[in-house]
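Fold and geometry: a report
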Amino acid sequence: MVGARCAGSPAAMLLARRGYRVLVLDRATFPSDTPSTHFLHTPAVARLKRWGLLDRVLATGCPPITKIVWGMDDITLSGPPPAHEGIDYAIGPRRTVLDKILVDAAGEAGAEVREGCTVDEIIVERGRVVGVRAHDREGAVFQARAKLVIGADGINSVVARTVRPAEIMGAGPATAVWYSYWRDTGIDHEIFVRVDGREVFIIPTNDGDANVMVGWRHHEMAEFRKDIEGNYHATLDLFPGIGDMVRRGKRVERFYAFSDTRQWLRVPYGPGWCLLGDSSHLKDPIAGIGITDSFRSAEVLVERIDEVLSGARTEDDAFADYRKWRDETFTEAFGQHLRAARLDLYPAEMLKVIEACKYTDEHRVAFFGLLGALTPLREFFTPEHCARILADAEAATGRPWSLEGPLPV
């Protein structure tokens, strides 16, 4: 396993729990930070519970997030996140906390975790990946051979760079996102608001802090950098009350940036190798869903690896099945994230349907399910479903609700 963060460690842990010998290499040492929105939707929280790790994360002082405030232009919705497997809250743990817990869990399960080790080369023999060459912090070089090498090493994956997987879908950088941490703001819920070309995303996290992110379009990055703090606060103040709410607290860290916001969906396997997490499926940070998708993918990939290593299925058959699941699960959402990363406003007809959702708990929660990819876009914006949303809004408000044109979905 190359990479020990939110994709690699869960996969290593689950494989080791099944009795497989697993070596995990990461150039980082833990705890350590990494650029991240670090937001976990309810399906990710449910997996932490299933793995026996949720109590550890909550014990660090990471608060449950039971309310979402979503806004676009002058339309606002608020309510709870959609429940998943009995979990009705999200969380936003710092990566210094979450990654350390995951790495430790992999080690406790029996995986051999080597921190501070840099993979220099992927060994390929007769067209098949068979291992890695690496060095540790002291410069000692070593080689490790394996039946399967999993590249869970992120956006600059050495595994992906070697095997050069085909890109199924992709796009260049779309957003420029800056963030910092603010203490004692009193913000205890997720906030996601947008006007044309500008966005604010706020997540409560450990130590009474909130991760406060602002997004511009990528081509404006140089302009933002001319006055990072001024532009950051000016963006917050585009949204009534948000800037004042944040400034009730105190900024406790420097500004960080996501400067490379490319997106891709790649072929995830080949002879002797698999890709997992961002190396396989990278989204713009405004999606805030990378960890959730990594957890879901790790569980399914481990099932297929178990079938291969146990001899129950051939490598080609099992991994083709994994790719089929991965593509069916994420392709539509990936297109949704590509569109969202443009920071455009939704078309007026879509916004009218979304506004109508606020009058019914069922519809509001279903809409929030779009944010975590629990509700497929094609199912939410069907003519029949939209007609029901509008009819329920009309019954609740006593005034007519109708669309002037077709939904551009």
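Rules of the game
Residues numbered from 1 in each chain as written. Predicted model: local features only at pLDDT ≥ 70, side-chain atom pairs only at ≥ 80, totals over all residues. Heavy atoms only, no water. Phe/Tyr/Trp six-rings, centres within 6.5 Å; stacked < 30°, edge-to-face > 60°. Helix = DSSP H or I, 4+ residues; strand = E, 2+ residues; numbered from the N terminus. Buried < 20%, exposed > 50% of the residue type's maximum accessible area, 1.4 Å probe, protein only. Pairing = 2+ DSSP bridges. Salt bridge = Lys/Arg side-chain N within 4 Å of Asp/Glu carboxyl O. Contact = heavy atoms within 4.5 Å.

Some thoughts on the packing of aromatic side chains
- One pass over the structure, following the stated rule, counts 20 aromatic pairs.
- Centroid distance Trp70 to Tyr346: 6.2 Å. Interplanar angle 35 degrees. Geometry classified as tilted. Taken together, the residues span a long stretch of sequence, with Trp70 in strand 2 (residues 68-72) and Tyr346 in the loop between helix 10 (315-340) and helix 11 (348-357) at a distance of 276 residues.
- Residue classification places Trp70 among the buried residues on the basis of a relative accessible area of 1%.
- Relative accessible area serves as the criterion here: at 24%, Tyr346 is assigned to the partly exposed category.
- Between Tyr179 and Tyr181, the aromatic rings sit 6.0 Å apart at their centres with planes inclined by 85 degrees, giving edge-to-face as the arrangement.

Description of the sheet that holds strand 9 (residues 167-171)
- Strands sit in the order 9-16-19 across an open sheet of 3 strands; the sheet is antiparallel. At either margin of the open sheet sits one strand with a lone partner, and together these are strand 9 and strand 19 (281-282).

Side note on the pattern of salt bridges
- The full count for this structure, using the stated rule, is 36 salt bridges.
- With a shortest N-O distance of 2.6 Å, Arg5 and Asp99 are connected by a salt bridge. With Arg5 in the segment before helix 1 (8-17) and Asp99 in helix 4 (residues 95-109), this residue pair connects regions lying 94 residues apart in the sequence.
- Here Arg5 falls in the buried class, since its relative accessible area comes to 14%.
- Residue Asp99 is classed as buried on the basis of its relative accessible area, which comes to 0%.
- Linking Asp209 and Arg183 is a salt bridge whose minimum nitrogen-to-oxygen distance equals 2.6 Å. In this pair, Asp209 is assigned in strand 13 (residues 209-217) and Arg183 in strand 10 (residues 175-183), connecting sequence segments 26 residues apart.
- Residue classification places Asp209 among the buried residues on the basis of a relative accessible area of 3%.

Details of the environment of Glu190
- With respect to the helices and strands, the residue Glu190 is situated in strand 11 (residues 190-195).
- A relative accessible area of 3% places Glu190 in the buried class.
- Considered as a pair, Glu190 and Pro400 are 210 residues apart in the sequence and their alpha carbons are 31 Å apart.
- What Glu190 contacts, discounting residues up to four positions off in sequence, is Phe39, Ile65, Lys67, Ile68, Val69, Phe201, Ile202 and Pro204.

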